[in-house]
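Results of the structural survey
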Amino acid sequence: MVEVLVVAVVAACAAALVFLAMAARVVKQYERGVLFRLGRVAEGVRAPGLNLIIPFVDRLQKVNMQIVTLPVPAQEGITRDNVTVRVDAVVYFRVIDAVSALVKVEDYKFAVSQMAQTSLRSIIGKSELDDLLADREKLNQGLELMIDSPAVGWGVQVDRVEIKDVSLPDTMKRSMARQAEADRERRARIINADAELQASRKLAEAAQQMAGTPTALQLRLLQTVMAVAAEKNSTLVLPIPVELLHFLERAGRPEPAQRIPETAPQQVPQQIMETAPPTPVSHTDGGLHTDGGPRTG
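Residues numbered from 1 in each chain as written. Predicted model: local features only at pLDDT ≥ 70, side-chain atom pairs only at ≥ 80, totals over all residues. Heavy atoms only, no water.

Focus: the pattern of salt bridges
- Counting across every chain of the model gives nine salt bridges.
- Between Arg-37 and Asp-58 there is a salt bridge whose closest N-O contact spans 2.7 Å. Taken together, the positions of Arg-37 in strand 2 (residues 31-37) and Asp-58 in strand 5 (residues 58-64) put the pair 21 residues apart, joining distant regions of the chain.
- The exposure class assigned to Arg-37 is partly exposed, which follows from its relative accessible area of 39%. (Salt bridge = Lys/Arg side-chain N within 4 Å of Asp/Glu carboxyl O. Helix = DSSP H or I, 4+ residues; strand = E, 2+ residues; numbered from the N terminus. Buried < 20%, exposed > 50% of the residue type's maximum accessible area, 1.4 Å probe, protein only.)

Observations concerning the packing of helix 6 (residues 170-212) against helix 7 (residues 214-230)
- At a minimum axis separation of 4 Å, helix 6 and helix 7 run at an interaxial angle of 115°. Between helix 6 and helix 7, the residues in contact are Met-210, Ala-211 and Gly-212 and Pro-214, Ala-216, Leu-217 and Arg-220, respectively.
- Of the residues that constitute the contact of helix 6 with helix 7, the class distribution is five nonpolar, one polar and one charged. (Axes fitted to C-alpha atoms, helices over the stretch in contact; angles between N-to-C directions. Contact = heavy atoms within 4.5 Å. Nonpolar A, V, L, I, M, F, W, Y, C, P; charged D, E, K, R; others polar.)

Some remarks on the nonpolar core
- If you look at the biggest cluster of nonpolar residues, it comprises 36 residues, and the most contacted ones within it are Val-85, Val-87, Val-91, Phe-93, Tyr-108 and Val-156.
- Taken together, the elements giving at least two residues each to this core come down to strand 2, strand 6 (68-78), strand 7 (84-95), helix 2 (98-103), helix 3 (108-126), helix 4 (129-134), helix 5 (136-151) and strand 8 (156-167).
- Element by element, the count of residues in this core is highest for helix 3, at seven residues.
- In contact with Val-87, not counting residues within four places along its chain, are Pro-73, Ala-74, Gln-75, Leu-120, Ile-124, Leu-132, Ile-163, Asp-165 and Val-166. (Core = buried A, V, L, I, M, F, W, Y, C linked by side-chain atoms within 4.5 Å.)

As for the sheet that holds strand 7
- Read from one edge of the open sheet, three strands run 6-7-8, paired in antiparallel fashion. Each edge of the sheet is formed by a strand with only one pairing partner; in this case those strands are strand 6 and strand 8. Ignoring strand direction, the axes of neighbouring strands in this sheet form an average angle of 25°.
- Strand contacts of helix 3: strand 6, strand 7 and strand 8, with the helix running at about 35° to strand 6, the strand carrying the most contacts.
- Across the sheet, helix 5 is in contact with strand 7 and strand 8; its angle to strand 8 comes to roughly 140°. (Pairing = 2+ DSSP bridges.)

Some remarks on the confidence of the model for the chain
- Across the chain, pLDDT averages 79, with 80% of residues at or above 70.
- Taken element by element, the predicted model of the chain shows its lowest mean pLDDT in strand 10 (residues 288-290) (43) and its highest in strand 7 (91).
- Within the model, pLDDT remains below 50 along residues 268-277, and this stretch shows one contact once partners closer than five positions in the same chain are excluded.
- The model gives residues 279-297 a pLDDT under 50, and that stretch makes eleven contacts with residues more than four places away or in other chains. (pLDDT = per-residue confidence, 0-100.)

Below you can see the structure in the form of structure tokens.
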């Protein structure tokens, strides 16, 4: 009788241990448990720690409440300024309502991934290339808003969205490189021109200063000669003043011959010719005579 009682006690203890093992569930600190009793969600969410369920009746499903890092595959699209690009991103989200994440959507991770891909394509089509390269913070905020709007109904909150990389075609990269090179060359030319302008102003001031003291120009010439002679070379450069070249050019040019003015022929004044009375001429039978003179036979 005692042996039967002992066997019964041992069997009861073993059954209790098996029942306890089947009923005990441990929920970790970063998890929350959703209890389904006969297919229906039980009220409340199981907190972290040891939780007991009814075997074969209850089913406890755990939901991770940590922030999930979800990489978005590279999406190819055409920007608003007709440039083909490939953009990939990363989404950081976490579950804030475990019941909604399990009941309202079949797979919330897959849903968030597909929503992120479609939103990324939409952002590419609405943006220009300069915005994708320079103004990523604004695009990240717009992308986060587009993903977070439907995700709130799934019990998911999007914390942050980051665009990782923007891939451009090789032809576009070469065009941008040429544009940057041309811009740098333009700035270099402007800087050189500004330097030449400043140098010309300083040289003009120096020329005006030396014009009043010719000795300063001679001293400057001697300093230049000393600077050239300081180098170990056998060539000595002596600058010739420009005024000396002008003087030699004028000296070698022949002088033009002086022209003698021609004397104009004397002309009878027109007034005298007009005042002299004309001599009358008359015809006769025997010859030509003038009035007042002797006749000829």
